[in-house]
Amino acid sequence: MKECRGQIILNKQIAKGIFELVIKSTDLLEQQVMPGMFAHLEIPNSPDLTLRRPISINSYKKDTLTLVYQVVGEGTKRLSNINGGVINFTASLGKGFILPEKPSKILLVGAGIGLAPLRFIAEFAPQHIYYTFAGFRNAELVYQLDIFKGLSKELLVCTDDGSMGEKSYLGVLTEKNIDVISPDLILACGPEIVLKQLKDIAKSAEIPCQISMEARMGCGTGACMVCNCKIGHENDWHYKRCCADGPVFNAKEVLFNG
Amino acid sequence: MVDFSVEICGIKFKSPIIAASGTFGFGKEMQQFYPLSRLGGISVKGLTLEPREGNNPPRIAETNMGMLNSVGLQNPGIKYFISELLPWLSEQNTVIIANIAGNTIEEYCQMAELLANTKVDMLEMNISCPNVKQGGVQFGTNPDAVYKITTEVKKYSKQPLMVKLSPNTADIKATAQAAEDGGADAISLINTITGMAINAYTKKPILGNIIGGLSGPAIKPIALRMVYEVSKIVKIPIIGMGGIYTGEDMAEFMIAGASAIMVGSANLSNPLACINIEEQFVKYLTDTNTEHASELTCSLII
């Protein structure tokens, strides 16, 4: 990990409220950037915003980092209005997905903005066969499907309202198709409700599953103990740091609240 | 070449910049960005007698020019700190300050005793954490309670004892005086100011703990005022903190009466905060022809 200074070379809307941000920085060279890791962005020209914004890595090559983010609050709103210039960020942070060495059948399940980090998995480890299940609230929020189509043997899409793909939810879609695909591993990212369903599906199908969690973060490096995830088993758990011990955890060990 | 080393309670700090407790873990993470020897010292994450998991998430909320946190002293416990973390930390060539927080006076005393024969250089008695139900701030708001706990812990501490004061009190001068009267060797202030954040649309609090502690640039004027007021009545050294983000902020705290300063929230805003502040501070000393950083302490011109 390193404190980096980069140039914004692209920041464009790719779906409603969803932006692709490309940053070029020589500070990224010689870094170990792994799928599932994230960058912590300082919102340019915004000293009043005291916290950085953790954004997962969508793609990475040499000195170029691609991030996909959704506008959810003041920070991302301001970020979406920036057309270029310098950006300060820390990268790359966190523990990413642990990928098998021998060629395997991997199911990627991404819900909404949670689809973004899954792209870099397939680009980083092309020796595996990928099946991708992508879920969105509606067709306006769909992005990068062409890219995932190219990276996957099969791509299934569902929306909550049926405006694109199947009218279904990712949990239902996964449950319906898991036996046919019979993956060696499931890697997922999305809202907790989806991840909890996947945890249960993976458990009953006896398939290893890793999930990328989200939390409100402070420092992003593990020092401030702010972004806690409940990890362990019902009667024996500890708060682990989402930023440094995660964001990717073994689904079996994640305890969801409620 | 400017000299920005300072001596506090007989301990030499090579710089007046100390990482504030709770924003710097136990140093391991931040040493990936710069050698810890660049710092005057580190006040470690608040330690308790037993390990603590801390509060429910979310534990942080951004506010205008500030942030609220409600971590609630998540830490691996003092014994783990002494056996597993301190050996490495004490070799980093910087002053190590152990921040301790107890549920009872006895717990504070036990922790001071456990630390007595370790390589910890100084104790920071945290009687001002707003995020725990027991202990913490309950000892820090009432002058009589501050006096009592300071005299008791002083019996067991071998290292200089610094008392970290809470701003959540009617009269900061009275608690500072009580700490000095109780035998404190130094005072650090301020801890966070209690606050809260609400989402207007969901009508829910942002923090899992509902209430948290406000820090960052938003609280700097309050912190400066408190350092100034306390410096006028106590003789023991003051370590000032509260929203220090620049070298000039740091100079202002020293001018108001601090012998050294702590950087807290800024570490969350930027992992290189302490280094950037140091560079700006050195430039300030040069620009103002200040030979020794210590000349700044209590140099307010009225």
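Residues numbered from 1 in each chain as written. Chains lettered and ligands numbered in written order. Predicted model: local features only at pLDDT ≥ 70, side-chain atom pairs only at ≥ 80, totals over all residues.

Quick notes on the overall build of chain A
Reasoning step 1: Each helix and strand counted, chain A has 5 helices and 15 strands in total.
Reasoning step 2: By its C-alpha atoms, chain A is 50 × 40 × 35 Å across when sized along the principal axes.
Reasoning step 3: For chain A, with 258 residues in total, the buried portion stands at 49%.
Reasoning step 4: Relative to all contacts within chain A whose residues are 6 or more apart in sequence, the contacts with residues 24 or more apart total 60%. (Helix = DSSP H or I, 4+ residues; strand = E, 2+ residues; numbered from the N terminus. Buried ≥ 20, exposed ≤ 12 C-beta atoms within 10 Å, placed from the backbone. Contact = placed C-beta atoms within 7 Å.)

Here's the deal with the pairing of strand β10 (residues 186-189) of chain B
Residues and elements named next belong to chain B.
Reasoning step 1: On β10, burial covers both faces: Ala186 and Ser188 on one face and Ile187 and Leu189 on the other are all buried.
Reasoning step 2: Inspection of the sheet shows strand β9 (residues 161-164) paired to β10 by 3 bridges, in the parallel sense. Note on β10: the bridge partner recorded for valine 163 is isoleucine 187.
Reasoning step 3: Tracing the backbone out of β9, into helix α4 (residues 172-181) and back to the parallel element β10 gives a crossover that is right-handed.
Reasoning step 4: Here β10 pairs with strand β15 (residues 238-240) via 3 bridges, running parallel. If you follow isoleucine 187 over to β15, its bridge partner there is isoleucine 238. (Pairing = 2+ DSSP bridges. Right-handed = clockwise from strand over helix to strand, strands pointing away.)

A closer look at the packing of helix α4 (residues 170-181) of chain A against helix α5 (residues 192-205) of chain A
All names here are of chain A.
Reasoning step 1: The contact between α4 and α5 brings their axes to 9 Å, and the two run at 15°. Taken as axis vectors, α4 and α5 run roughly parallel relative to one another. In this structure, α4 crosses over α5, and the sense of that crossing is right-handed. Contacts between α4 and α5 pair Leu170, Gly171, Thr174, Glu175 and Ile178 from the former with Val194, Gln197, Leu198, Ile201 and Ala205 from the latter.
Reasoning step 2: In terms of residue class, the contact of α4 with α5 is built from 6 nonpolar, 3 polar and 1 charged. (Axes fitted to C-alpha atoms, helices over the stretch in contact; angles between N-to-C directions. Parallel < 35°, antiparallel > 145°, perpendicular 65-115°, else oblique. Left-handed = near helix turned anticlockwise from the far one by under 90°. Nonpolar A, V, L, I, M, F, W, Y, C, P; charged D, E, K, R; others polar.)

Notes on the interface of chain A and chain B
Reasoning step 1: Every contact between the two is made by 21 residues of chain A and, on the other side, 30 residues of chain B.
Reasoning step 2: Looking at the side of chain A that touches chain B residue by residue, the class counts come to 11 nonpolar, 7 polar and 3 charged.

A short note on the sheet that holds strand β14 (residues 211-215) of chain B
Residues and elements named next belong to chain B.
Reasoning step 1: Pairing within the open sheet is antiparallel, and its 4 strands lie in the order β5-β6-β14-β11. Every interior strand has two partners, whereas the edge strands, β5 (60-63) and β11 (193-196), have only one. For this sheet, the mean angle separating the axes of adjacent strands, direction not counted, is 40°.
Reasoning step 2: By the bridge criterion, 3 bridges tie strand β6 (residues 66-69) to β14 in an arrangement that is antiparallel.

With respect to the sheet that holds β15 of chain B
All names here are of chain B.
Reasoning step 1: Ordered by their spatial adjacency, 8 strands build a closed barrel running β3-β4-β7-β8-β9-β10-β15-β16, and the pairing between neighbours is parallel. Each adjacent strand pair in this sheet contributes to an overall mean axis angle of 25°, direction not counted.
Reasoning step 2: Of the strand pairs in this sheet, strand β3 (residues 17-19) and strand β4 (residues 41-43) are connected by 2 bridges, and their pairing is parallel. Across the sheet, isoleucine 18 pairs through a bridge with glycine 41, a residue of β4.

Looking at the nonpolar core
Reasoning step 1: Of all hydrophobic cores here, the largest spans 179 residues; its most connected members are Leu198 and Ile211 of chain A together with Ile187, Ile261 and Val263 of chain B.
Reasoning step 2: Those residues in contact with valine 263 of chain B that lie beyond four places of it in its chain are Ile17, Ala19, Ala20, Ile244, Ala273, Cys274 and Ile277 of chain B. (Core = buried A, V, L, I, M, F, W, Y, C linked by C-beta atoms within 7 Å.)

Some remarks on α5 of chain A
Residue and element names in this part refer to chain A.
Reasoning step 1: Relative to the 20 Å expected for 14 residues at 1.5 Å per residue, α5 spans 20 Å between its end C-alpha atoms, a close match to the ideal helical length.
Reasoning step 2: Among the residues of α5, Val194, Leu195, Gln197, Leu198, Lys199, Ile201 and Ala202 are the ones counted as buried.
Reasoning step 3: Contacts from the buried residues of α5 go to β7 (105-111), α4, β11 (185-189) and β12 (209-212).
Reasoning step 4: Following α5 by one or two positions, glutamate 206 has its phi on the positive side, about 55°. (Expected span 1.5 Å × (residues − 1).)

So, helix α2 (residues 105-115) of chain B
Residue and element names in this part refer to chain B.
Reasoning step 1: Residues of α2 that are buried include every one of Tyr108, Met111, Ala112 and Leu115, and no others. The buried residues of α2 occupy an angular sector of 100° when the element is viewed end-on, so they sit on one face.
Reasoning step 2: Contacts made by the buried residues of α2 are with α1 (78-89), β7 (95-100), β8 (122-126) and α3 (143-154). (Arc of directions from axis to C-beta.)

Quick look at the domain arrangement of chain A
Residues and elements named next belong to chain A.
Reasoning step 1: With domains assigned, chain A is organised as domain 1 (2-93), domain 2 (105-212) and domain 3 (215-258).
Reasoning step 2: Spacing between the C-alpha centres of domain 1 and domain 3 amounts to 23 Å.
Reasoning step 3: Taken residue by residue, the interface counts 8 residues in domain 1 and 7 residues in domain 3.
Reasoning step 4: Of all the secondary structure elements, the ones that give two or more residues to the side of domain 1 that touches domain 3 are β3 (38-41) and β6 (85-93).
Reasoning step 5: Grouping the constituent residues of the side of domain 1 that touches domain 3 by class yields 4 nonpolar, 3 polar and 1 charged. (Domains from an automatic or database assignment.)

Examining the environment of methionine 254 of chain B
Residue and element names in this part refer to chain B.
Reasoning step 1: Mapped onto the fold, methionine 254 is located in helix α6 (residues 247-256).
Reasoning step 2: According to the C-beta neighbour criterion, methionine 254 is buried, with 26 such atoms within 10 Å.
Reasoning step 3: Methionine 254 sits 20 residues away from cysteine 274 along the chain, and the two C-alpha atoms are 16 Å apart.
Reasoning step 4: Discounting residues that sit within four places of it in the chain, methionine 254 has contacts with Pro16, Ile261, Leu296 and Thr297.

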